[in-house]
Amino acid sequence: MMKRVMALLVSLFFLLSGQAVMANDVSKGLHVGNAGSFTGDAAAPCMEIFNSSQLAVDEWNARGGIQGVQIKHVMGDDALDPAQGINVARKFTSDELMYGVVGPPVSHIAQASLKIYGQSNLACITTAASKPELTDSGYKHFFRVNARNDAHGWNCALFIKKNLKAKRVAILNEKVAYCENMAQQTIKGLKKLGITDIMNDTIVAGSKDFSAVLTKVKAYKPDVLFFIATTAPDQAIGVRQAKELGIEAIFFGTEGARDKNDFIAASEGAAQGAYVYHFSPDIYSIPAASAYIKSYEKKYGSLSGFGPPAYEAMNILLTAIDLAAKDGNISRPEVISNLSAIANYNGILGFPVSFDEKGDLLGGATYFFKVNGKEFEQVAVLTGK
Amino acid sequence: MKRFKPRIKIGPTSVTILFFVLSLAVIPRLLPDNYWQSIFSITGVYVMLALGLNIVAGFTGLLDLSYIAFFGIGGYTFAFLCSDHFGIHLPFLLALPICALTAMVSGFLLGLTSIRLKGDYLAIVTLAFAQIFKLLLLNLDAPINITGGVNGIYAFDQVTLLFINIVTPENYSVLIWTCALLVFLVSFRLKASRIGRGWNAIREDELAANAIGINTTRMKLYSFATGAMIAGFSGAVFVSFQDSVFPNNFDFQQLVIVYCMVIIGGLGNIYGVIAGAVVLSILPEILREYGGLRMMIYGVALVSIMALRPQGLFSAIPGFTKLVKRPDKDETGELRASTDLYYSQDKDETDVKRYTKQAIPLLEIQNLTLNFGGLTAVDKLDFCLHKNEILSIIGPNGAGKSTLFNIISGIYQSDQGKVIYKDLDISAYKPHRVAKAGIARTFQNLRLFNELSVIDNIKISRFCRTKAFFFSAIFNLNLNKTEEKETHETAKKILKMFGRRLTGYRYDQKVSQLSYANRRRVEIARAMATGPEILLLDEPSAGMNPQETGEITEFIKELRDRFGYTILVIEHKLNLVKAVSDRVIVMDHGEKICEGSYDDVAKNPMVIEAYLGKKGKSGNQTNS
Amino acid sequence: METKPILELKQVNACYGKIQVLYNINMRILPGELICLLGGNASGKSTTLKTILGIVRPRDGRVILNGETINKKPTNYIIRNGVSIVPENRRIFPRMTVLENLEIGAMHRKDKSQVKRDIEAMFELFPRLKQRIGRQGMVLSGGEQQMLAMARALLSNPSVLLMDEPSMGLSPALVDQQFEIIENINKKGTTILMVEQNATMALSIADRGYVLQTGEIVLDDTAENLLHHSGMQTAYLGGEL
Amino acid sequence: MEDIFGQLSQQAINGITIGGVYALIAIGYTMVYGVLSMLNFAHGELYMIGGFTGWWVLQIFSINHVPVMNAALLISLMIVLSMAVSALLGLAIERIAYRPLRKAPRMNLLLSSLGVSIFIQNFILYFQGAKVKVFHISHLIPEGIRTFHVGGVVISFMRIIVILACFFLMVILTLIIKKTNIGKSIRATAQDIEAAAFMGIDTDKIIVIVFLIGSALGGAAGILVSLLFTQVDYYVGFQAGLKGFTAAVLGGIGSIPGAMAGGLLLGICEAMAVTFFPSAYKDVVAFAILIAVLIFRPQGLMGERIREKV
């Protein structure tokens, strides 16, 4: 019921704001964009996002597209440069046949281009940008299938205190918006929970050598080392070098580390007993995802944690577009209101996806895993309590 | 032969400006959508950035790798001044100059520490500064949040100009291109001014620039700061357009792109640089959908352009440079020999004042000594140069003659002794102060500004006699107008003394295209243009044939007789020495071995020995 | 029967960029001769040497070394085939020891055992160098550097040795010594082509001489004749004949 | 107190390892600068290529991460092949991108090398993907000797290999430079290219050899680091290149012992800086040292001061 009201309200909002809502004939063509940093520093996770979205688009097209129209998936590379991110946004919003975008996955680029997408009512579903402010800014077009940092941070703090029974915590974070915010939210949570022995320092992603800062961690003698980096390979190096240095603290990694190849296998045993959190259950343990995993791995090689949400996001976006195109005409606000109305979408992530009024994932939980042998074992699910 | 039309160019023609303004008005309306309008705006920002870098790297030849940091300083200053971040909300038109000034001051301070470093070392230090700057942007969010760290700063105040809210890309493109036009005009005015000429001189030959009276350290600093100011200005406009600012905006890669624009456009070539900026801003957009392939193409293009068109893609395309037909070639392409032997058309005037040597000492060298490692290049030298005298210094190679010139002109510092000019002790003067005081020199191995035209080479020399500073040059105030006119006329007047060899179409010829003898003449003309009292001529006739030597001999005499210069000349050709000298000093092994009139000196057995070597092995065997 | 020249220049013209600096140079150097090349500044002496060495490419004409035309050969080929040079300003490798400098001179030779003996021979010729054997080139005095440069050049077993201003920057006493050594080397059988400013001194030890003026050979005679040539003084000093 | 001492010794080990690698990279920069007076921005990419070659060798010669041959042999093979591939690439770069520009202005050479760098990086991105390549090395090192404890200091086996290999290569290079004819020719060419030609040295060939050696060392650094940190991706060259370059300048560009000293100094300074400052500032410390050295000693620590000729 709430959903319906929401959808109505959103439609009303557009009508009142006087935006020219031009509906297009579907047969003119359907474009969906993919904004991301496909070259430069963050190319690896972004390409995984692109490939997964491509997979979803291909599947839709194989099924005959939408209303018989084949969907075109357009790449918008911003090279991790916000100025180029704006160009991508302008390009997408100026494309009259573009009805939705997956991305941008990098928080600061999402921030830079938020307004442009918003002014043109072009729906965006990010799969990784977790900075809280993005959905707090009042724009209605921005959705995310990942949880926000503040929710995760608090859950992680709870987990460190209750499940890992830590008294002294070292937090290392990479200098990017997501990791930085995650570290701050966690520290905030820990302090609230009465843990004040916290060491916080930074790492440089991609430098592949964290031994100097880990030596410092070792001297601090923490119970838990919360290693906040974006990608699995960096965390694999972290856990490996921590082990080598003889750091006894429990290694606790982030979402990105839930990756059997690039974290467990890459650390060659060093990750044994380490913990990671994720916003979804283990993708390999979800029956619904097996087809996706199979076709992804067949086509693009190994999969980390960034692909599945992108696949899901593209499917949700296309579902909304499909719905909007039912009558043969389609407009951007229609897509947005359909997205807001998405309720309990059951895809491959292992939990039903719904969005709240801001566009955030509804009821986002944090799942905790422990590395055991070659597998992740789910040990806890926290929802802020 | 087409007559040379005297014209002082201080800015683009009104047609060019009209063209720009029209483009500004029309292009945004022609662009299909917001996307292309936004590309158009970003292109404008890059044009500004590239023009700014063109001043530093193109005009002055400094390899400044911190340029992007000034772009960032401008951007962040704007973010501080026009957002909720610090709660300061300055109006756009006030914030803009503050940003530019902040960047300029930073550039100036940074320059102070490193401007003395040469070439690659300057590049490295500036690169290190740029890296530090970026790290500070990333990390200065704790303990006090200054830069916003990785989150950057976003949501700036809306820009309102003349009651128009600048919101849409179309508004912005007009705003940005107006700014770009401003930068273009400033850049053009500067290039055509004495300041621009000074920078060009530094790029071509720093030492020679210093020796004709340009304070090279200071001018390099100004160039650095001007570049920084333009970068800061563009930075402010840019972040306002982006409505957010992040450390990633100021990556090394960004700098590389701007450098590519400048180099592909052709260093120092304003129109070329603009074209380079436009092409390189639009090309990546066309290739955007191809991800990695795009950058591969970029790389290959860069390498091939460097190999195939090292002067830049737009260096010789009609419309960007003038192609001048050489009037000294006949129909078959053979060089037509100049038959003009005289240095001055109007030498027959009878009532001109003739100067002769006066018994007033003008330049005194006292006990001058300089050691290079183990070698004493100049050894306790004493002599005096009188007003309106022509004094020749002769001696074998390695006798220390050129070293003496280098000491007088301030390039070397002597170990002992003094150089007194009038009542001034100029021993410790830097070359530009010596030149300004009134002593000009030529170089034995020719140090002309080879890529510049003949007339520009001469005009540069007026630097130390003119005053127009940035403000005056940019706004072309009266001071600048008079000085430019005066500079142009003086340059022409001086070149005229050399007859057709250096006038007419030769005004605009590049010095590197001249014959050796003509380059010698330009070198002398350049020294004369600094308005000196004393001329130090280092082998003025080297590389000239007998006819030309005769001509230059006459000319040197005329310089004193008619124009009243006091001349100290190093020369090997004794018939020249004989013809011009009031007195001759003979040097050997850094010492003065003899002094007197030419005839006295020529008869002196010691001179014959030093000059022609000892007669066989009859000399004493004094093995050490 | 005429002896075959070691080095011969035939109608050589050379340019720096667009500017012609050598005009129709003809030279013949016979085995065992000591030739000096005289002329004022910028008269083309050094350019002649550079042309022989392949640094400046002649526009036309031929440079012939031991019967082989070497116009188009790279410098290192010419050096390996019997030309050796004591460059102007000596050009000692500043951060190498005396011994290393010498070894570099002989590096392209195949007869390594002979090289050792030749280096010893050089130390006999220049005892000063032996005392400085481990010193770096840059700390040597001008005279020592000159000796080193000569020894280095001789070690490549040249069939013709070029010398560019060997007396430049040396004190008078050292200049005397220098010429004595040059004469000695020549007497031992090395053919020498020497560019010199110190005309009288050079002619006093040379067999023949060429006088260059603005890129042309204006005099070509035996040293004896040149020394007493009436126009020699003005010619050499750059005046008109 | 003991704690900080333990930490410092550990940091010294960290610093020496990474410093050794910086030194290897710096040597390539410095050698090329010595003969051509140009900064070869593409050098960092040779380092990256070294890492990738090593990964392929490991991949080809192991099944399910278990090597099919003797571990020592495999490691040597990886190092040798990485050096070979990087060296060949270095040669190709010299021939294609630099030789045609021998007489062009310096800034053009610089940009050409940047172009090469951009190309190689994106070529690898395109054909090898952006994903990190992981080295599975646990089967290369026997269980018992993976780490050694000396007091409170931990040294891993790979670290020892890297340190030894770096120093071995540096010693070999020093011997080559000091003792062999090639080495002497290189030094002569670097000190005075024209005088070297006067000695019958084929300076073009020497330039090629310099690229060969410099690139091979860059490749060696690449594979050594990859073995140590077990990963390589297309982007590692930029950061490594920047550090190697800093080290070369710190030591005095053009001086080979300077590059070695500069690399070690930089590595150790960085590691020590982390002990006393937030680690985010370690690069600030490194660059600040560079600036300070250049301002007070413009020719670098071991460089030669050259007097300008008038």
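Please read all numbers here as calculations on a predicted model, not as lab measurements.

### Looking at the packing of aromatic side chains
Item 1. Here the structure, examined in full by the defined rule, presents 48 aromatic pairs over all chains.
Item 2. Ring centres of F226 of chain A and F252 of chain A lie 4.5 Å apart, and the angle between their planes is 15°; on these two criteria the pair is classed as stacked. Here F252 of chain A lies in strand 10 (residues 250–253) and F226 of chain A lies in strand 9 (residues 224–228), a separation of 26 residues in the sequence.
Item 3. Overall, F226 of chain A belongs to the buried group, its relative accessible area being 0%.
Item 4. With relative accessibility at 0%, the residue F252 of chain A sits in the buried group.
Item 5. Ring pairs connect the aromatic residues F159, F226, F252, Y275, Y277 and F368 of chain A, which therefore count as one cluster.
Item 6. Positioned above the aromatic ring of F443 of chain B is the side chain of R447 of chain B, whose terminal nitrogen or guanidinium carbon lies 5.8 Å from the ring centre.

### A look at the interface of chain B and chain D
Item 1. Each side of the interface is counted separately: chain B has 42 residues, and chain D has 45 residues.
Item 2. Interface of chain B and chain D: buried area, both sides summed, is about 4000 Å²; carbon and sulfur atoms make up 77% of it.
Item 3. When the buried area of chain B at its contact with chain D is split by residue, Y121, I124 and M296 of chain B rank highest and sum to 16% of it.
Item 4. Applying the counting criterion to the chain B and chain D interface returns zero salt bridges.
Item 5. Summed over the shared surface of chain B and chain D, the number is two residue pairs in polar contact (both at pLDDT 80 or more).
Item 6. Considering every element that reaches the side of chain B that touches chain D, the biggest residue donor is helix 5 (residues 119–139) of chain B, with 12 residues.

### A few points about the arrangement of the chains
Item 1. No other pair of the five pairs of chains in contact has as many contacts as chains B and D.
Item 2. Separated in space, chain A and chain C share no contact, their closest pair of C-alpha atoms being 37 Å apart.

### What to know about the side chain of S173 of chain B
All names here are of chain B.
Item 1. With respect to the helices and strands, the residue S173 is situated in helix 6 (residues 169–192).
Item 2. Here E170 takes part through its backbone oxygen, which lies 2.8 Å from a polar atom of the side chain of S173.
Item 3. Not counting the four nearest positions on each side in its chain, S173 is found in contact with P28, Q37, F40 and S41.

### Points about the sheet that holds strand 7 (residues 390–394) of chain B
All names here are of chain B.
Item 1. Across the sheet, which stays open at both edges, the six strands sit in the order 10-11-12-7-13-14 with mixed pairing between neighbours. The sheet is open, and its two edges are formed by strand 10 (439–441) and strand 14 (591–596), each paired on a single side. Within the sheet, the average angular offset between the axes of one strand and its neighbour, ignoring direction, is 20°.
Item 2. Where strand 7 lies against strand 13 (residues 583–588), four bridges are found, and the strand directions are parallel. Its bridge partner lying in strand 13, I394 is registered against V586.
Item 3. With respect to the sheet, helix 13 (residues 401–408) is in contact with strand 7, strand 10, strand 11 (534–538), strand 12 (566–570) and strand 13, its orientation differing from that of strand 12 by roughly 140°.

### Comments concerning the sheet that holds strand 5 (residues 361–372) of chain B
Residue and element names in this part refer to chain B.
Item 1. Overall, antiparallel pairing links the four strands, which are arranged 6-5-8-9 in an open sheet. Unpaired on one side and paired on the other, strand 6 (375–386) and strand 9 (424–425) mark the two borders of the sheet.
Item 2. Set on the sheet, helix 13 makes contact with strand 5, strand 6 and strand 8 (416–421); between it and strand 5 the angle comes to about 115°.

### What about the domain arrangement of chain B?
Accessible area lost when the parts come together is the quantity often used to give the size of an interface.
Residues and elements named next belong to chain B.
Item 1. By domain assignment, chain B separates into domain 1 (12–253) and domain 2 (361–621).
Item 2. When each unit is reduced to the centre of its C-alpha atoms, the spacing between domain 1 and domain 2 is 42 Å.
Item 3. The interface of domain 1 with domain 2 comprises 27 residues on the first partner and 31 residues on the second.
Item 4. Here domain 1 packs against domain 2, burying approximately 2600 Å² in sum over the two surfaces, 67% of which is carbon and sulfur.
Item 5. When residues of domain 1 are sorted by the area they lose upon contact with domain 2, R194, R197 and I212 head the list and together hold 30% of the total.
Item 6. Our enumeration of links across domain 1 and domain 2 arrives at two salt bridges.
Item 7. Residue D205 is joined to R447 by a salt bridge in which the shortest nitrogen-to-oxygen separation is 2.9 Å.
Item 8. Summed over the shared surface of domain 1 and domain 2, the number is eight residue pairs in polar contact (both at pLDDT 80 or more).
Item 9. For the side of domain 1 that touches domain 2, the elements supplying multiple residues, two or more each, are helix 6, helix 7 (194–204), helix 8 (206–211) and helix 9 (216–242).
Item 10. Sort the elements by how many residues they give to the side of domain 1 that touches domain 2 and helix 7 lands first, with nine residues.
Item 11. A breakdown of the residues in the side of domain 1 that touches domain 2 according to their chemical character gives 14 nonpolar, seven polar and six charged.

### So, the environment of M168 of chain C
Residues and elements named next belong to chain C.
Item 1. Summarising the element assignment, M168 is placed in the loop between strand 7 (160–164) and helix 7 (172–187).
Item 2. The exposure class of M168 is buried, given its relative accessible area of 19%.
Item 3. In sequence terms M168 and V56 are 112 residues apart; their C-alpha atoms lie 23 Å from each other.

### Considering helix 10 (residues 256–276) of chain D
Item 1. The end-to-end C-alpha separation of helix 10 of chain D is 31 Å, in line with the 30 Å expected for 21 residues at 1.5 Å each.
Item 2. Between the side-chain oxygen of the N-cap and the backbone nitrogen of G258 of chain D there are 2.9 Å, and the N-cap of helix 10 of chain D in question is S255 of chain D.

### Quick word on the nonpolar core
Side chains of a nonpolar character, in soluble globular proteins, are inclined to be buried together.
Item 1. One finds L225, F263, I321, V335 and L339 of chain A to be the most contacted residues of the largest nonpolar core, which totals 387 residues.
Item 2. Per element, the largest residue contribution to this core is 16 residues, and it comes from helix 8 (residues 203–229) of chain D.
Item 3. Leave out the neighbours within four places in its chain, and L225 of chain A touches A170, L172, L214, V217, A242, A249, I250, F251 and F252 of chain A.
Item 4. A106, L148, A149 and M201 of chain C belong to the second largest nonpolar core, which has 44 residues in total.

### Re the side chain of H108 of chain A
Item 1. Within the fold, H108 of chain A resides in helix 4 (residues 107–119).
Item 2. Residues within four places of H108 of chain A in sequence aside, it is in contact with L80 and P82 of chain A together with V150, F246 and N248 of chain B.

### What about the pairing of strand 13 of chain B?
All names here are of chain B.
Item 1. Most of strand 13 sits out of view: six of its six residues are buried.
Item 2. By the alternation rule, side chains of strand 13 split into R583, I585 and M587 and V584, V586 and D588, which are all buried.
Item 3. Where strand 13 meets strand 14, five bridges bridge the pair, whose relative direction is antiparallel. The partner of I585 across the bridge, within strand 14, is E595.
Item 4. In sequence, strand 13 turns back onto strand 14 through a hairpin of two residues, with H589 there showing a positive phi of about 50°.

### Some remarks on the pattern of salt bridges
Item 1. This model, assessed by the stated rule, comprises 55 salt bridges over all chains.
Item 2. Salt-bridge contacts for R560 of chain B lead to D582 of chain B; the nearest nitrogen and oxygen are separated by 2.7 Å. With R560 of chain B in helix 19 (residues 546–561) and D582 of chain B in the loop between helix 20 (574–580) and strand 13, this pair connects stretches of sequence that are 22 residues apart.
Item 3. It is possible to trace a salt-bridge network through shared partners that takes in D136, R144, R148, D150, K358 and D360 of chain A.

### Regarding the domain arrangement of chain A
Residue and element names in this part refer to chain A.
Item 1. Partitioning chain A into domains gives domain 1 (2–147 + 286–354) and domain 2 (149–278 + 367–382).
Item 2. Between the C-alpha centres of domain 1 and domain 2 the distance comes to 30 Å.
Item 3. Each side of the interface is counted separately: domain 1 has 12 residues, and domain 2 has 15 residues.
Item 4. A buried area of about 1100 Å², summed over both sides, lies between domain 1 and domain 2, and 55% of it is on carbon and sulfur atoms.
Item 5. The largest share of the area that domain 1 buries against domain 2 comes from S130, P132 and A147, three residues that together contribute 34% of it.
Item 6. Seen at the junction of domain 1 and domain 2, the total is zero salt bridges.
Item 7. Summed over the shared surface of domain 1 and domain 2, the number is one residue pair in polar contact (both at pLDDT 80 or more).

### Looking at unusual backbone geometry
Residue and element names in this part refer to chain A.
Item 1. Look at the link from G103 to P104: it is a cis peptide, with omega at -5°.
Item 2. Checked against the element boundaries, P104 lands in the loop between strand 4 (98–102) and helix 4.
Item 3. Unusually for a residue other than glycine, K221 sits at a positive phi of about 55°.
Item 4. Summarising the element assignment, K221 is placed in the loop between helix 8 (211–220) and strand 9.

Analysis parameters
- Residues numbered from 1 in each chain as written.
- Chains lettered and ligands numbered in written order.
- Predicted model: local features only at pLDDT ≥ 70, side-chain atom pairs only at ≥ 80, totals over all residues.
- Heavy atoms only, no water.
- Phe/Tyr/Trp six-rings, centres within 6.5 Å; stacked < 30°, edge-to-face > 60°.
- Helix = DSSP H or I, 4+ residues; strand = E, 2+ residues; numbered from the N terminus.
- Buried < 20%, exposed > 50% of the residue type's maximum accessible area, 1.4 Å probe, protein only.
- Lys NZ or Arg CZ within 6 Å of the ring centre and 35° of its normal.
- Contact = heavy atoms within 4.5 Å.
- Buried area = accessible area lost by both parts, 1.4 Å probe.
- Salt bridge = Lys/Arg side-chain N within 4 Å of Asp/Glu carboxyl O.
- Polar contact = N/O pair within 3.5 Å; in protein donor to acceptor, adjacent residues only side chain to side chain.
- Pairing = 2+ DSSP bridges.
- Axes fitted to C-alpha atoms, helices over the stretch in contact; angles between N-to-C directions.
- Domains from an automatic or database assignment.
- Nonpolar A, V, L, I, M, F, W, Y, C, P; charged D, E, K, R; others polar.
- Expected span 1.5 Å × (residues − 1).
- Core = buried A, V, L, I, M, F, W, Y, C linked by side-chain atoms within 4.5 Å.

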